[in-house]
Protein chains: 4
Amino acid sequence: MASNIGNRIRLSIFGESHGPAVGCVIDGLPAGEPLDWAEILAQMARRAPGRDKTSTPRRESDTPELLSGTLGSAEQGDLRTTGAPLAMLIRNQNTRSGDYEELSRLPRPGHADYPGFVRYQGYNDIRGGGHFSGRLTAPLVFAGAVCRQILRRRGVHVGGHILEIAGVSDRRFDPAAVTDGLLEGLSVRPFALLDPAVEVPMRERVETARMDCDSVGGIVEVAATGLPAGLGSPMFEGMENRLAALLFGVPAVKGVEFGEGFGFAGMRGSEANDPYAYDKNGRIVATSNHNGGLLGGITNGMPLILRAAVKPTSSIGREQDTVDLRAGANAKLTVHGRHDPCIVPRALPVIEAAVAFGLLDAMETERPGD
Amino acid sequence: MASNIGNRIRLSIFGESHGPAVGCVIDGLPAGEPLDWAEILAQMARRAPGRDKTSTPRRESDTPELLSGTLGSAEQGDLRTTGAPLAMLIRNQNTRSGDYEELSRLPRPGHADYPGFVRYQGYNDIRGGGHFSGRLTAPLVFAGAVCRQILRRRGVHVGGHILEIAGVSDRRFDPAAVTDGLLEGLSVRPFALLDPAVEVPMRERVETARMDCDSVGGIVEVAATGLPAGLGSPMFEGMENRLAALLFGVPAVKGVEFGEGFGFAGMRGSEANDPYAYDKNGRIVATSNHNGGLLGGITNGMPLILRAAVKPTSSIGREQDTVDLRAGANAKLTVHGRHDPCIVPRALPVIEAAVAFGLLDAMETERPGD
Amino acid sequence: MASNIGNRIRLSIFGESHGPAVGCVIDGLPAGEPLDWAEILAQMARRAPGRDKTSTPRRESDTPELLSGTLGSAEQGDLRTTGAPLAMLIRNQNTRSGDYEELSRLPRPGHADYPGFVRYQGYNDIRGGGHFSGRLTAPLVFAGAVCRQILRRRGVHVGGHILEIAGVSDRRFDPAAVTDGLLEGLSVRPFALLDPAVEVPMRERVETARMDCDSVGGIVEVAATGLPAGLGSPMFEGMENRLAALLFGVPAVKGVEFGEGFGFAGMRGSEANDPYAYDKNGRIVATSNHNGGLLGGITNGMPLILRAAVKPTSSIGREQDTVDLRAGANAKLTVHGRHDPCIVPRALPVIEAAVAFGLLDAMETERPGD
Amino acid sequence: MASNIGNRIRLSIFGESHGPAVGCVIDGLPAGEPLDWAEILAQMARRAPGRDKTSTPRRESDTPELLSGTLGSAEQGDLRTTGAPLAMLIRNQNTRSGDYEELSRLPRPGHADYPGFVRYQGYNDIRGGGHFSGRLTAPLVFAGAVCRQILRRRGVHVGGHILEIAGVSDRRFDPAAVTDGLLEGLSVRPFALLDPAVEVPMRERVETARMDCDSVGGIVEVAATGLPAGLGSPMFEGMENRLAALLFGVPAVKGVEFGEGFGFAGMRGSEANDPYAYDKNGRIVATSNHNGGLLGGITNGMPLILRAAVKPTSSIGREQDTVDLRAGANAKLTVHGRHDPCIVPRALPVIEAAVAFGLLDAMETERPGD
């Protein structure tokens, strides 16, 4: 297995970029949960290609279709989970294959083409990246959009922002002061930032890269509020382990950190430790949150804070060195077609979705205080 | 479950710092594998407390005891796995509990005390950190030492070095030029560095922190050579997912990155992509290795490169703010006892061990080209 | 999770009887395996309702649709697995819900209605049994039909027969003499028997029950040849454990036995033990096969033999006692509609499919001699 | 992995008959559960060899030793789980290996010797059956004894009896009338029967077989009361699937059935369905219990009823045909040593233990009504 994760809630993702459809099965969702269809579509629109500046309604053709696991209807607003596996598909459009002969011979640097060729002995579908395509993140966003709604009813809110693109940085979350409202506000934006002033320079860097037939990477920062203390288990079932296993499933993610993360390397214990105090409501809180809400893999009741590094889009218009698998000789490759010069804005809702799925799965698998 | 991980090889770790013993069961090891007991002890000595400067032979009392899963004997040099679960224990010494009354009331900032208290409703063993203690990494090092030997016979070598302590940095691996010999050489050192000249300044920073009743963090870098291309599966069973799920099981690890990791955020695609070429032996290689040997979660035959951030030791001698769980009031806490002012050198062999376990498990679970 | 099983090959089944579709995702199939579409349809036809006497071609409307995981086409005969998750759906027809109000109040005796009501707090889809419907076995037959083809190319053959219906018995397999050809021959029949003479009396009993507005149960016997010795692992990953976990997923199965099974209770060790000998080809064989090809959960190279008990169809036309969940009072229920008076003939291909899936998963997860 | 099972509670069993020890790790037990040590020893004594007629206190040498996961002490009666993995070992005594040269050449019919030889390429420990030994059921009984106590505090009671030995039958449970008290009474007996009068003829048959250098098989029947309705999930996570996967992990178990099991084959639906009614307390009950408390794999609130077939002990004193693996020729084998001529009485507590573990794991994994 591979495209399959989760404990009590099990997510199975299927599809290939140019095959008939992509989709997923979510097995183990709680029964009777109302689903807001418009919210699901809105999350999927955040990830959809070519949308981040516009408010164009999502093309009907890319709408998810429910196959099982719900009763009621989106139109009448009474859609609910049944508790049975929730299956969904999205038909692929425009899957005329064009000429993939070159691609089958010349693995693209930075893509999974060559490892995939070896792994599947050349039998995998390479059109558009096949099962390795970024399109496979659409079902993950769908699953996350379902989970977010259930989490919200339990008081848990997930949201994030673009922290860095091509060296231009937004400010970080104030980790001890993240609010439900801030996250909910961010989680509906197409280009979510804490400091709107950095949008223009970020976009400029992306545009410059595009003009250079090149691409740029970045970092996203995601937070969750409202998590109870005591969620997670020691060692390998900690929240960090579970979330990292999900996040590295998002294509182009090459680094994951919690709280100060790699920044801890330059800190002292006296700075890094988060002291406790009773707040005015008699609740135990930490007065700082360098640990991102997690100690020993278990939530401490503070906001969860994590960051994921997203590498520059591998598909670039420049000529690159590669090999010709058929000829057994070195070769040159120029990747054609239009590709995002920066995937970070579209990766953000995917990473939020992965976090939402992981949090709900953990809450269903083990209740704090169990 | 929690302290339990792996696919075809399943590792179950048990123990509490001040209970009778710590240990593990490794279920699913291949049968007939010779075990070099001295190598196992040497790896365990790298992790053992208070050893990093000395060549003192390991105290007998801390020697692992085999309970099952092997035939032959260490003495006669004919120890081999049987294929049955390999169980091992290490007796705890000096487990007189002393006065833990204070600790049970006053959760230590930066430790899992408070989340653990909530998670286990106060029933967990808090003496010495209980099951959250760093001592629980001893069985992981044991498991890794077993796996390293099997990997080596399959041509795979694992090693690492201290990349940073308290702002003092070693140089990074040259990711496309890491050799088996380099890794094997590093993997036996107590304070492994690529540039020996940084040892003195690193130690000075640690010593300064100790004098300040404080602690410092750092980063370790680990590599593996000899991995076949095509190992790993897409999405959630990629090598990045599996290794991250293991690495975040090591206490104090708060960030994990592969290849350039967070450095990708400032790179362009034309820099980040690793071009392919045929080498003089007609083998496909990448001419650079920014992706750390992994594309789409699957090995490409280049060295695996990863880094893990280690936070400063939470136990510091300074007075800290906390709460008194019994009194329901704010309180002051001073952690007594001797604690490592920097855990990074001892974390390195643990992280190498986690990588070795993850790689062997992946190789046993799915063979490239399957 | 629930409708989700397997180690290296993971099967996720979705759907509800009267929802939009039923289907499955099979994650982890080997890549490059040719698929014979006609064979898949033929297996599905064996399970389809109302077919067991006829050779009517399957209604187009019930044809599975491939969503991912294959390349090529059924028509051109070049359909192959890609190694990516293979997803399939079958649209439900005639799902006008009719009047399910009564059913939602009055749980049917012998069905999962009442446990399902409690389990899902009343939110599950009860129309036609919802996710508990026998229709959910269609995707399992599909998965089994895929696995059978791959197994056959590896020399493994799966087939079975109706051993008993309503007290009328076929003869048992001669366990040491089952041949590939016998199993392949049985595995395409709509009403598979070793002794054709028992078909008439079996059908008579079924017909009598139908006239009585009642139903009857039975037993199926399934075998597999060509399995290598050494497949399976001790204790909980033995072939018996894996297959039983699959077989009890088939609705109405209430008992599973291997080899002599419950018959061992009346045997002596000297009768039950299977002696070994070298055959004329120098291969080790057992000269009898009371253990059904399995010792300690591991194959010994003899044919695998198992039996599954199938309870009488729960839906019967007679008035039955039940409760009215809404009124909180005892009530009478008469189940309307046409129901199979005996599900055994249709259960046979489902049970064969579950066995085929379990065998291929085991062969992919652990190779004998690993 | 192999000797490893469970969802939220994960059981890992280790050991070899003549190695240093057998034992287990139970990861995921709820925290703060009091453990009655005497009850644990009593259950282990039921399984211990050579005890079924006597009340001799258990030999100290076979006492389990706790390694982790508890606080307090058995002596002071304040032993409790901590929530961390509970590890336990039992030292093996008298493990002088004697002459196993013959055994390594001549696989015993009916044992796992030959499949194990192939599976582990001859590297497995064959002394006393190694990891396949019945001695490995001791840790399972231990785990079950822990789980029973926790279950009892939740109102769930597990017990069973010998239903058949060598053709002599006890009466079956009255499935709708099993009481907590009946089960608790049975669960402490060394030779548990509903009808004490059958003990003598059963023992006579065993004695006769022993005199014949032969062995006999039998059937055990186990029940559980107090289970809430709604426990279990559809298809592959039903209680039948989970329990069968556990039960086939008990050596010599070759068949498992629930409710009427194979008896359903001769029943009609009108007999097999269990009607519902409100009892005098306004609770929904079934007025019969042919389905053994399970419909669609989910509990209906009635007693759980299951039966397991136990094959005759494979080790018999008679000469048997086998092969000489070294000489590559047919050979004769006479198994020496004292072996139980009937394993059924000792298998009963093991099977009860497996059921107890499975029930607690299910209750921790999914709460009814979740």
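1. A short note on the overall build of chain A
In terms of helices and strands, chain A carries nine helices and 18 strands. In terms of overall dimensions, chain A is globule-like: its C-alpha atoms have a radius of gyration of 21 Å, near the 21 Å expected for 370 residues. Each of the three principal axes of chain A carries a C-alpha extent, and together these read 70 × 50 × 40 Å. A burial count over chain A gives 63% of its 370 residues as buried. A sequence separation of at least 24 residues applies to 74% of the contacts in chain A between residues at least 6 apart.

2. Some thoughts on the environment of Ile162 of chain C
Residue and element names in this part refer to chain C. Relative to the helices and strands, Ile162 resides in strand E8 (residues 157–165). Remark: the alpha-carbon pair of Ile162 and Thr81, spanning 81 residues in sequence, is separated by 32 Å. Sequence-distant contacts of Ile162, that is, excluding residues within four places in its chain, are made with Asp170, Phe191, Ala192, Leu193, Met202, Gly218, Val220, Val344, Pro345 and Leu348.

3. Topic: the sheet that holds strand E7 (residues 86–91) of chain C
Residue and element names in this part refer to chain C. Pairing is antiparallel in the open sheet, where five strands are placed in the order E1-E2-E3-E7-E4. Of all strands in the sheet, those with a lone pairing partner are strand E1 (4–5) and strand E4 (65–68), marking the two edges. Both strand E3 (residues 21–27) and E7 contribute to a ladder of six bridges, which runs antiparallel. Its bridge partner lying in E7, Val22 is registered against Ile90.

4. Some words on the environment of Leu247 of chain A
Residue and element names in this part refer to chain A. If you trace the backbone, Leu247 turns up in helix H7 (residues 239–247). Judged by the 25 C-beta atoms lying within 10 Å of it, Leu247 falls in the buried class. Here the alpha-carbon distance between Leu247 and Glu352, two residues 105 residues apart in the chain, equals 9.2 Å. For Leu247, the contacting residues outside a window of four places in its chain are Val253, Val256, Ala308, Ile351 and Ala354.

5. Brief notes about unusual backbone geometry
Backbone geometry at Met235 of chain A places phi at a positive 55°, although glycine is not the residue there. Within the secondary structure, Met235 of chain A is located in the loop between strand E10 (218–225) and H7. Although it is not a glycine, Cys213 of chain C sits at a positive phi angle of roughly 55°. Turning to its location among the elements, Cys213 of chain C is positioned in the loop between helix H6 (199–211) and strand E10 (218–225).

6. Concerning the interface of chain A and chain B
In this assembly, 92 residues from chain A lie in contact with 92 residues from chain B. Residues of the side of chain A that touches chain B, tallied by class, amount to 44 nonpolar, 35 polar and 13 charged. Note that strand E11 (residues 253–258) of chain A and strand E11 (residues 253–258) of chain B share three bridges and pair antiparallel. Bridge pairing in E11 of chain B links Val256 of chain A to Val256 of chain B.

7. Focus on the relation of the copies chain A and chain B
For the match of chain A to chain B, the screw axis carries a shift of 0.0 Å, the RMSD comes to 0.0 Å, and the turn is 180°. Here the two chains are linked by the operation of a two-fold rotation axis. Interface overlap between copies: 100% of the residues of chain A at the interface are likewise at the interface in chain B, consistent with a symmetric, same-surface contact.

8. A look at H7 of chain A
The element H7 of chain A is largely enclosed, with a buried count of nine among its nine residues. All of the buried residues in H7 of chain A are Met239, Glu240, Asn241, Arg242, Leu243, Ala244, Ala245, Leu246 and Leu247 of chain A.

9. Regarding the pairing of strand E17 (residues 319–324) of chain B
In this sheet, strand E18 (residues 329–334) of chain B lies alongside E17 of chain B in antiparallel orientation, the contact comprising six bridges. The residue of E18 of chain B that forms the bridge with Asp321 of chain B is Lys332 of chain B.

10. Thoughts on the sheet that holds strand E1 (residues 4–5) of chain B
All names here are of chain B. With antiparallel pairing, five strands are arranged side by side in an open sheet as E1-E2-E3-E7-E4. Looking at which strands have only one partner, the edges of the open sheet turn out to be E1 and strand E4 (65–68). Its contacts with the sheet place helix H4 (residues 137–153) against strand E2 (10–15), strand E3 (21–27) and strand E7 (86–91), and it is angled at close to 35° to E3.

11. Examining the confidence of the model for chain A
In this model, chain A carries a mean pLDDT of 93, and residues with pLDDT of at least 70 account for 94%. Across residues 53–60 of chain A the pLDDT falls below 50, and counting only partners more than four positions away or on other chains, this stretch makes six contacts in the model.

12. What to know about the environment of Val253 of chain B
Residues and elements named next belong to chain B. Its location among the elements puts Val253 in strand E11. Distance in space between the C-alpha atoms of Val253 and Leu163 is 14 Å, their sequence separation being 90 residues. Look past the residues within four positions of Val253 in its chain and what remains in contact with it is Leu247, Phe248, Ala308, Ala309 and Val310.

Calculation rules
- Residues numbered from 1 in each chain as written.
- Chains lettered and ligands numbered in written order.
- Predicted model: local features only at pLDDT ≥ 70, side-chain atom pairs only at ≥ 80, totals over all residues.
- Helix = DSSP H or I, 4+ residues; strand = E, 2+ residues; numbered from the N terminus.
- Rg over C-alpha atoms; globule rule 2.2 N^0.38 Å.
- Buried ≥ 20, exposed ≤ 12 C-beta atoms within 10 Å, placed from the backbone.
- Contact = placed C-beta atoms within 7 Å.
- Pairing = 2+ DSSP bridges.
- Nonpolar A, V, L, I, M, F, W, Y, C, P; charged D, E, K, R; others polar.
- Least-squares fit on C-alpha atoms with pLDDT ≥ 70 in both.
- Axes fitted to C-alpha atoms, helices over the stretch in contact; angles between N-to-C directions.
- pLDDT = per-residue confidence, 0-100.

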